[in-house]
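# Fold and contact review
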Amino acid sequence: MAPYSSPSSRGIARPVVSATLFTLCALTLSACGSEDKADAAGSGAAATTQVTDATGTKVKIPAAPERVVALSEMDLDASLALGVEPVGLTAGRGQKGAPQYLADQAKSIPVVGAVTGPDIEKVVQAKPDVILAGQLADEQVLAQLRKIAPTVVTIDGTKDWKKALQLTGTTLGKSNEAEKFLADYETKAAALKTDLGTQAGASVSVARYSAKGTAVMQQGVFISDVLKDLGFARPGIQNDKGEGHSTPLSEENLKEIDGDWLFIGSLDAGSDADLLAELAKKPAYQQLGAVRDKHATVIDGTKWTSLGGAQAAVSVLDDIRKAMVK
């Protein structure tokens, strides 16, 4: 199957840098020694292979990685979807640990970093044999990670979860599983399009809500790719590529999120009904057709309005089916 393609990206802040230089050096020497043995053996459990990561960099990796560190939400999602439990994860956006929708699957995995970047000392302590580096672009940090273990940047500028899943599958020796997952997703998406009936092609708006206000999800992010797979229309500026992860809107411009249906992402694990009731009291929201028609739904922002991933995409299909298929 040819790689999928789709649209955007943003930078990432510099991480915590460990002072345990001796530990890092010792691990580096150990890794180098292991690599030499693998090259000499040329076969067996210690054999290596090579992948080309999302930046075009060729990376030599173990043929069968056993200790994987996932440095983005999408890497964690993909690894678990392919049946591999990482030995370290990066906390999700607005979370202390794994994204809410992956919390049960990842409850025993240690946290080795945040959205702002990895904690190098904790990555060392995880003793990885492969590091999935998500969309990390900081060359200084990548250089540090590569001294610990082979490091694969899995997400390119499009942030396309399908391409990232295929690359992760190749890296983890799970290519067949990745292709099967994608085929199953396409089957579920096609079934949902059929079952939507008269709602097929409806105008669907996605926003995220926090104490800072409302922001809209434009093109070039995960959720917009999933909605495109389903053939939905998007209102207003949601048809345009955004400059960042989401675009803040003033209450005067809230009409930009009006559509036949409105999905509002929240990172708070509190009551969805409470948030809907709170928003319904706001004059700007009262003017929205989707709110008046009771076509507004609060959804889990850790999967809908964050970086996303393979399992997130399937779960979004389920959320849409629950809200829109009667």
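Each remark here, short or long, concerns the structure printed above.
Summarised in this report is the structure supplied together with it. (Residues numbered from 1 in each chain as written. Predicted model: local features only at pLDDT ≥ 70, side-chain atom pairs only at ≥ 80, totals over all residues. Heavy atoms only, no water.)

Along the protein chain, the regular secondary structure elements total 12 helices and 13 strands. In the protein chain, which comprises 326 residues, the proportion classed as buried is 51%. Taken as a whole, the protein chain presents about 14,700 Å² of accessible surface, with 52% of it coming from carbon and sulfur. (Helix = DSSP H or I, 4+ residues; strand = E, 2+ residues; numbered from the N terminus. Buried < 20%, exposed > 50% of the residue type's maximum accessible area, 1.4 Å probe, protein only. Areas by Shrake-Rupley, 256 points an atom, 1.4 Å probe, with all protein chains shown as cover.)

Position of Glu73 relative to the elements: it lies in helix H2 (residues 73-81). Although Glu73 lies buried, it forms no salt bridge, and the closest oppositely charged side chain, Arg93, sits 5.1 Å away as judged by the N-O distance. Excluding residues that lie within four positions of it along the chain, Glu73 makes contacts with Gly92, Arg93, Pro99, Leu102, Thr302, Ser306, Leu307 and Gly308. (Lys, Arg positive; Asp, Glu negative; His and termini not counted. Salt bridge = Lys/Arg side-chain N within 4 Å of Asp/Glu carboxyl O. Contact = heavy atoms within 4.5 Å.)

We now examine helix H7 (residues 222-229). Because an α-helix completes one turn every 3.6 residues, residues spaced three or four positions apart along the sequence face the same direction. Summarising burial for H7: 6 of the 8 residues are buried, a large majority. Residues of H7 that are buried make contact with helix H5 (161-171), helix H6 (175-195), strand S9 (204-210), helix H11 (301-304) and helix H12 (310-324). Immediately downstream of H7, the backbone of Gly231 shows phi near 75°, a positive value.

Attention now moves to the nonpolar core. Ranked by size, the top nonpolar core spans 48 residues in total, and within it Trp161, Ile223, Phe263, Ile320 and Met324 carry the most contacts. Of all the secondary structure elements, the ones that give two or more residues to this core are H2, H5, H6, S9, H7, strand S12 (261-266) and H12. Take this core: its biggest share by element is 9 residues, from H12. With residues near it in sequence (within four places) discarded, Trp161 still touches Met74, Phe181, Leu182, Tyr185, Phe222, Val226, Gly309, Ala310 and Ala313. If you look at the next biggest cluster of nonpolar residues, it comprises 17 residues, including Leu71, Val87, Val123 and Leu136. (Core = buried A, V, L, I, M, F, W, Y, C linked by side-chain atoms within 4.5 Å.)

With that settled, the discussion passes to the pattern of salt bridges. Counted under the stated rule, the structure contains 6 salt bridges. The salt bridge partner of Asp156 is Lys163, with a shortest N-O separation of 2.5 Å. Assessed through its relative accessible area of 23%, Lys163 is described here as partly exposed. Between Glu186 and Lys162 there is a salt bridge, and its shortest N-O distance comes to 3.3 Å. With Glu186 in helix H6 and Lys162 in helix H5, this pair connects stretches of sequence that are 24 residues apart. The class of Lys162 is buried, set by a relative accessible area of 6%. Each of Lys162, Glu186 and Asp229 takes part in one network of salt bridges that share partners.

A few words now on the packing of H2 against H12. When two helices pack together, their arrangement is given by the angle between the helix axes and by the axis-to-axis distance. At a closest axis distance of 7 Å, the pairing of H2 and H12 adopts a crossing angle of 85°. Overall, the two elements H2 and H12 adopt an arrangement that is roughly perpendicular. Of the residues in H12, those touching H2 at Asp77, Leu80 and Ala81 are Ala310, Gln311 and Ala312. Along the lines of polarity and charge, the residues of the contact of H2 with H12 split into 4 nonpolar, 1 polar and 1 charged. (Axes fitted to C-alpha atoms, helices over the stretch in contact; angles between N-to-C directions. Parallel < 35°, antiparallel > 145°, perpendicular 65-115°, else oblique. Nonpolar A, V, L, I, M, F, W, Y, C, P; charged D, E, K, R; others polar.)

The next thing to look at is the environment of Ala189. Structurally, Ala189 can be placed in helix H6. Under the relative-accessibility criterion, Ala189 is labelled buried at 3%. Separated by 37 residues in sequence, Ala189 and Val226 have C-alpha atoms that sit 8.9 Å apart.

Scanning all chains against the criterion turns up 2 aromatic pairs. Pairing Trp161 with Tyr185 gives two aromatic rings, centres 4.9 Å apart and planes at 85°, and the pair type is edge-to-face. Here Trp161, found in helix H5, pairs with Tyr185, found in helix H6; they are 24 residues apart in sequence, far enough to count as distant. The exposure class assigned to Trp161 is buried, which follows from its relative accessible area of 2%. A residue is classified by how much of its surface remains accessible, and Tyr185, at 0% relative accessible area, is buried. (Phe/Tyr/Trp six-rings, centres within 6.5 Å; stacked < 30°, edge-to-face > 60°.)

The end-to-end C-alpha distance of H6 is 30 Å, a good match for the 30 Å that 21 residues give at a rise of 1.5 Å each. Buried residues belonging to H6 abut H2, H5, H7 and H12. Remark: Gly197 follows H6 within two positions and exhibits a positive phi of approximately 55°. (Expected span 1.5 Å × (residues − 1).)

Here we take up the pairing of strand S2 (residues 58-62). Of the strand pairs in this sheet, strand S1 (residues 48-52) and S2 are connected by 5 bridges, and their pairing is antiparallel. Residue Thr52 lies in a different strand from S2, and its bridge partner there is Lys58. Here S1 folds back onto S2 in antiparallel fashion, the turn holding 5 residues, of which Gly56 has a positive phi close to 90°. (Pairing = 2+ DSSP bridges.)

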